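Residues per chain, in single letters:
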Amino acid sequence: MRLSARVDYALRAAAELAATASGPERGRPVTADQIARAQEIPPKFLESILLQLRRGGIVHAQRGPEGGYWLARPAKEISLAEVIRVIDGPLAHVRGQRPEQLGYHGPAHALQEVWIALRASEREILELVSVADVAAGTLPARVTELAADPRAWI
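A brief look at the structure comes next. (Residues numbered from 1 in each chain as written. Predicted model: local features only at pLDDT ≥ 70, side-chain atom pairs only at ≥ 80, totals over all residues. Heavy atoms only, no water.)

## Section: the overall build of the protein chain
Here's step 1: Of regular secondary structure, the protein chain possesses seven helices and two strands.
Here's step 2: Counting helices and strands in the order they occur from the N terminus, the protein chain gives α-α-α-β-β-α-α-α-α.
Here's step 3: C-alpha extents for the protein chain along the principal axes are approximately 65 × 30 × 25 Å.
Here's step 4: By the burial criterion, 34% of the 154 residues in the protein chain qualify as buried.
Here's step 5: Counting only contacts in the protein chain whose residues sit at least 6 apart along the sequence, the fraction spanning at least 24 positions is 53%. (Helix = DSSP H or I, 4+ residues; strand = E, 2+ residues; numbered from the N terminus. Buried < 20%, exposed > 50% of the residue type's maximum accessible area, 1.4 Å probe, protein only. Contact = heavy atoms within 4.5 Å.)

What follows is the structure in structure tokens.
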């Protein structure tokens, strides 16, 4: 699985907003500059990502001196898969096509099922983990179990 820098930054920004929502600054919008500094994200790049997240219903925004961003819903209701889809579209593509749209012939016929199973596996994990889980550092047991396997790290 390959994630774009946009997705990485979007997930980090969402986690930052989730942490802020549960911290002492609860209820106050967070500026893009605050998020950019906290997560070491290029500010201009972050602005366009936050715009995508706003259009995708992940964050709300307010302009002005008291403005900033906050999550549109509780962080526990926003999965990593949802953020990824808002930023990059569907989870799995092969040459720009969804796996169910591919047609393989002969000995390669089973590849379609492999790509669909891969997407299902990705979806299982990415929909299981919420932005709140990431922000709190308390991942679901299935995720920590998979990550604990030394083979997962190579």
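Here the narrative resumes.
## Here's the deal with the pairing of strand β1 (residues 59–62)
Here's step 1: Relative to strand β2 (residues 68–71), β1 is paired through four bridges, and the arrangement is antiparallel. For Gln 62, the partnering residue across the bridge sits in β2 and is Gly 68.
Here's step 2: If you look at the hairpin formed by β1 and β2, you'll find five residues sitting between the two strands, and Gly 64 has a positive phi there, around 105°. (Pairing = 2+ DSSP bridges.)

## Some points on helix α4 (residues 80–88)
Here's step 1: Turning to α4, its buried residues number three or more, namely Leu 80, Ala 81, Val 83, Ile 84 and Ile 87. With its buried residues spanning 160° around the axis, α4 presents them on a single face.
Here's step 2: Remark: Gly 89 follows α4 within two positions and exhibits a positive phi of approximately 90°. (Arc of directions from axis to C-beta.)

## Points about the side chain of Thr 20
Here's step 1: Its location among the elements puts Thr 20 in helix α1 (residues 5–22).
Here's step 2: Relative accessible area serves as the criterion here: at 17%, Thr 20 is assigned to the buried category.
Here's step 3: At 2.9 Å, the side chain of Thr 20 and the backbone oxygen of Glu 16 are in polar contact. (Polar contact = N/O pair within 3.5 Å; in protein donor to acceptor, adjacent residues only side chain to side chain.)

## Regarding the pattern of salt bridges
Here's step 1: Inspection of the entire model under this criterion finds six salt bridges.
Here's step 2: In this structure, Arg 37 and Asp 33 form a salt bridge, with 2.2 Å as the shortest nitrogen-oxygen distance. Highlighted residues: Arg 37 and Asp 33, both in helix α2 (residues 32–39), separated by four residues, approximately one helical turn.
Here's step 3: The exposure class of Asp 33 is partly exposed, given its relative accessible area of 40%.
Here's step 4: Residue Arg 142 pairs with Glu 145 through a salt bridge whose shortest N-O separation is 2.9 Å. With Arg 142 and Glu 145 both in helix α7 (residues 141–148) and three residues apart, this pair spans about one turn of that helix.
Here's step 5: Since its relative accessible area comes to 35%, Arg 142 is described here as partly exposed.
Here's step 6: By relative accessible area, Glu 145 is classed as exposed at 51%. (Salt bridge = Lys/Arg side-chain N within 4 Å of Asp/Glu carboxyl O.)

## Brief notes about unusual backbone geometry
Here's step 1: In the Ramachandran plot, Glu 40 falls in the positive-phi region, its phi being about 55° despite a non-glycine side chain.
Here's step 2: Judged by its relative accessible area of 67%, Glu 40 is exposed.

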